[in-house]
Amino acid sequence: MKSVYFIGSAREDLKSFPEEVRQDIGYALYEAQGGRKSWAAKPLRGFGGAGVLEIIEDYLGDTYRAVYTVRFSEAVYVLHCFQKKSKRGIKTALQDIELIKRRLKAAEDDDQARMR
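Rules behind the numbers
Residues numbered from 1 in each chain as written. Predicted model: local features only at pLDDT ≥ 70, side-chain atom pairs only at ≥ 80, totals over all residues. Heavy atoms only, no water. Phe/Tyr/Trp six-rings, centres within 6.5 Å; stacked < 30°, edge-to-face > 60°. Helix = DSSP H or I, 4+ residues; strand = E, 2+ residues; numbered from the N terminus. Buried < 20%, exposed > 50% of the residue type's maximum accessible area, 1.4 Å probe, protein only. Salt bridge = Lys/Arg side-chain N within 4 Å of Asp/Glu carboxyl O. Polar contact = N/O pair within 3.5 Å; in protein donor to acceptor, adjacent residues only side chain to side chain. Contact = heavy atoms within 4.5 Å. Core = buried A, V, L, I, M, F, W, Y, C linked by side-chain atoms within 4.5 Å.

*Asks:* What am I meant to see in the packing of aromatic side chains here?
*Replies:* The way to describe two aromatic rings as a pair is by their centre distance and the angle between their planes. Applying the stated criterion across every chain yields a total of four aromatic pairs. The interplanar angle of 35° and the centroid separation of 6.0 Å between the aromatic rings of Tyr27 and Tyr30 together place this pair among those described as tilted. Of the two residues, Tyr27 and Tyr30 are both situated in helix H2 (residues 19–33); the distance of three residues between them amounts to about one turn of the helix. Here the aromatic rings of Phe72 and Tyr77 are separated by 5.3 Å at their centres, their planes lie at 80°, and the arrangement is edge-to-face. Note on accessibility: Phe72 and Tyr77 belong to one class, buried. Members of the aromatic cluster, each reached through a chain of ring pairs, are Tyr5, Phe72 and Tyr77.

*Asks:* When you look at the pattern of salt bridges in this model, what are you seeing that I'm missing?
*Replies:* Within the structure shown, the criterion is met by six salt bridges. One salt bridge in this structure joins Glu19 and Arg22, with 2.0 Å as the shortest N-O distance. Taken together, the residues span about one helical turn, with Glu19 and Arg22 both in helix H2 at a distance of three residues. On the basis of relative accessible area, Glu19 is assigned to the partly exposed category, the value being 41%. On the basis of relative accessibility, which here comes to 27%, the residue Arg22 falls in the partly exposed class. Asp109 is the salt-bridge partner of Lys105, the closest N and O atoms lying 2.8 Å from each other. With Lys105 and Asp109 both in helix H3 (residues 94–115) and four residues apart, this pair spans about one turn of that helix. By relative accessible area, Lys105 is classed as partly exposed at 45%. Given a relative accessible area of 38%, Asp109 falls into the partly exposed group.

*Asks:* I'm lost on the side chain of Glu54 in this one. Help?
*Replies:* Relative to the helices and strands, Glu54 is located in strand S3 (residues 52–59). With a relative accessible area of 4%, Glu54 lands in the buried category. Of the polar contacts made by the side chain of Glu54, one reaches the side chain of Arg65; its length is 3.5 Å. Dropping the residues within four chain positions of it, Glu54 is found in contact with Ala40, Ala41, Lys42, Leu44, Arg65, Ala66, Val67 and Thr92.

*Asks:* In this structure, what is going on with the nonpolar core? I would like to understand it.
*Replies:* The tendency in soluble globular proteins is for nonpolar side chains to be buried as a group. Formed by 18 residues in total, the largest nonpolar core has its most connected members in Phe17, Ile25, Leu29, Ile55, Tyr68, Val78 and Cys81. At the level of elements, helix H1 (10–15), H2, S3, strand S4 (62–69) and strand S5 (75–84) are the ones that each hand at least two residues to this core. Among the elements that make up this core, the one with the highest residue count is H2 (five residues). Counting 14 residues, the second largest nonpolar core, distinct from the first, contains Ile7, Leu44, Phe82 and Leu104.

These figures capture arrangement, not role.
Set out below in structure tokens:
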């Protein structure tokens, strides 16, 4: 089983989600720890394949997302957890994409430090 690490405020953001959403996302992350992909996870566009995934949960008319990476051999990094605000389209907001990119770089740095 891989370890799970949270980058930035991802853990606190996840804790603010409704209990049912937290449980579903938690189970999907558990599957990722074991090398499996949850049915609720799909590759996040713009990140080159299946190394960065997002879990999408709909609950009482709201949409919640958790973005994580499995690019590293020993760890799953949760990069961002947020409630989708836009009611139009499914595209992830540019500010969220930029935050995910910064946190992915932080995860890369953290993983390299852990491997030393």
